[in-house]
Amino acid sequence: MKSKLDVKSNENLFGHLLAVATIFVWSSTFLASDSLLDVNGAFRLTPTQLIVMRFIVSYVALLIIRPRISKPVLRDEIGFALMGVVGCALYYFTENSALLYTSPSNVSIIVAAAPILTSVLAHFTSKDEKMTLNTLWGFLIAFLGVILVVLNGVFVLKLSPLGDFLALVAALMWAIYSVLLKPFVAKYDSIELTRKVLFYGVLSSAILLLIENKPLPSANVFAIPGLWFRLGFLGLIGSGVCYVTWNMAVKRIGVVISNNYIYLGPFITILMEYLIRNVIQHKSDTVISLMSIIGAVLIVFGVIVSSMKRKKDRSKV
């Protein structure tokens, strides 16, 4: 019979695996999103149109899987609404909008600050996830790795105040979402929790769409080959499944440790692009430099350092 320590250890391991798997898929969604924003030059979706369509697909899917509607609790509904606004609508809106004003490299580097912002917020809002010296050292190591990965051996980084600010806001939105999520993961089933948050994500994204004054694309757009597959991947897997698995990871290993795996995102994106372009499409225009590989090693080492625990009398910041 397994001891409570063994069960806890297995739960923690499962949480780490869920976090890694989720980040792996989320990093892959950048490529699918990019292709939907301009499919063969036939049409162009705005970032907000894509967000609304993506969240509608994911919400409907989760509603089918878990159709039970529990009696709403006003205080909890306010929390779901806040998470839907900051973690769904505003996060994706600011991140995608940042790409209109600054380079993808800048956005990737700045958004990678989300884990340390999460750590700072969690330090002041939770009792069991205080910042440690390891958190700071892990951030510095991993963030250096992110810079090396994103630049990929080409040291060109141009500042763009508006775009860089929007990217920083995106990182802050995710940090706020993460600390808001923490008290709910133990209280609600992961599927029901995700469905409730996505409901408000759809509503708030629709409001942004009204502000843009751009309706959803016409029905003939959906006849374009491959669109349903990519939209399905983003909605069903990238949002529906991944928000559920992320909630499960946070429940098991905490919001700070889960967010540390975000550092892996830029390298996974570059790796997936390399595999698609060079292996599947047989093109040779994407290269992973030695500097990027070194960066990936630093990221992994930084995540490990951030996750290490130290004695309380030495670790509190």
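For the structure, see preceding data.
For clarity, every value in this text was computed on a predicted model and none was experimentally measured.

Visitor: Explanation requested: the packing of helix H6 (residues 133-151) against helix H11 (residues 265-280) in the structure shown.
Guide: Angle between the axes and distance between the axes: these two values describe a pair of packed helices. Between H6 and H11, the shortest axis-to-axis distance is 8 Å and the interhelical angle comes to 25 degrees. Comparing the axis directions of H6 and H11 gives the class roughly parallel. The handedness of the crossing between H6 and H11 is left-handed. Note on element contacts: H11 touches H6 through Pro266, Phe267 and Ile270, opposite Val146, Val149 and Val150. Looking at the contact of H6 with H11 residue by residue, the class counts come to six nonpolar, no polar and no charged.

Visitor: I tried to follow the packing of aromatic side chains on my own but got confused; where do I start?
Guide: Two numbers describe a pair of aromatic rings. These are the distance of the centres and the angle of the planes. In this structure the tally under the stated criterion is 17 aromatic pairs. Aromatic side chains Tyr59 and Phe199 sit 5.7 Å apart centroid to centroid with 45 degrees between the ring planes, which places their arrangement in the tilted category. Within this pair, whereas Tyr59 is found in helix H2 (residues 47-65), its partner Phe199 is found in helix H8 (residues 190-212), the two being separated by 140 residues in sequence. Take Tyr59: its relative accessible area is 19%, and that puts it in the buried class.

Visitor: Would you explain the packing of H6 against helix H12 (residues 290-307) in this entry?
Guide: Packing of H6 against H12 brings their axes to within 7 Å, and their N-to-C directions diverge by 165 degrees. If you check the angle between H6 and H12, you find them roughly antiparallel. Where H6 crosses over H12, the two elements pack in a sense that is left-handed. Contacts from Asn134, Thr135, Trp137, Gly138, Phe139, Ile141, Ala142, Leu144, Gly145, Val146, Leu148 and Val149 of H6 reach H12 at Met291, Ser292, Ile294, Gly295, Ala296, Leu298, Ile299, Phe301, Gly302, Val305 and Ser306. For the contact of H6 with H12, the residue count by class is 15 nonpolar, eight polar and no charged.

Visitor: Hey, could you run me through H2 in this one?
Guide: Because the α-helix completes a turn every 3.6 residues, residues three or four places apart line up on one side. Over its 19 residues, H2 runs 27 Å from end to end, which matches the ideal 27 Å to within 8%, given 1.5 Å per residue. If you check which residues of H2 are buried, you get Pro47, Thr48, Gln49, Leu50, Ile51, Val52, Met53, Arg54, Phe55, Ser58, Tyr59 and Leu62.

Visitor: When you look at the pattern of salt bridges in this model, what are you seeing that I'm missing?
Guide: Close approach of charged atoms allows side chains with opposite charge to pair. Inspection of every chain in the model, using the stated rule, returns seven salt bridges. Here Glu192 ties to Arg68 by a salt bridge, and the two come within 3.3 Å at their closest N and O atoms. Of this pair, Glu192 sits in helix H8 while Arg68 sits in the loop between H2 and helix H3 (74-98), placing them 124 residues apart in sequence. Lys182 is paired through a salt bridge with Glu129; the nearest N and O atoms lie 2.8 Å apart. Of the two residues, Lys182 is situated in helix H7 (residues 161-185) and Glu129 in the loop between helix H5 (114-125) and H6; the sequence distance between them amounts to 53 residues. By relative accessible area, which is 10% here, Glu129 ends up buried.

Visitor: Explain the environment of Val241 here, please?
Guide: Within the secondary structure, Val241 sits in helix H9 (residues 227-253). Look at Val241 and you get partly exposed, because its relative accessible area is 40%. Each C-alpha atom of the pair Val241 and Val25 lies 9.8 Å from the other, and the pair is 216 residues apart in sequence.

So, how was this worked out
Residues numbered from 1 in each chain as written. Predicted model: local features only at pLDDT ≥ 70, side-chain atom pairs only at ≥ 80, totals over all residues. Heavy atoms only, no water. Axes fitted to C-alpha atoms, helices over the stretch in contact; angles between N-to-C directions. Helix = DSSP H or I, 4+ residues; strand = E, 2+ residues; numbered from the N terminus. Parallel < 35°, antiparallel > 145°, perpendicular 65-115°, else oblique. Left-handed = near helix turned anticlockwise from the far one by under 90°. Contact = heavy atoms within 4.5 Å. Nonpolar A, V, L, I, M, F, W, Y, C, P; charged D, E, K, R; others polar. Phe/Tyr/Trp six-rings, centres within 6.5 Å; stacked < 30°, edge-to-face > 60°. Buried < 20%, exposed > 50% of the residue type's maximum accessible area, 1.4 Å probe, protein only. Expected span 1.5 Å × (residues − 1). Salt bridge = Lys/Arg side-chain N within 4 Å of Asp/Glu carboxyl O.

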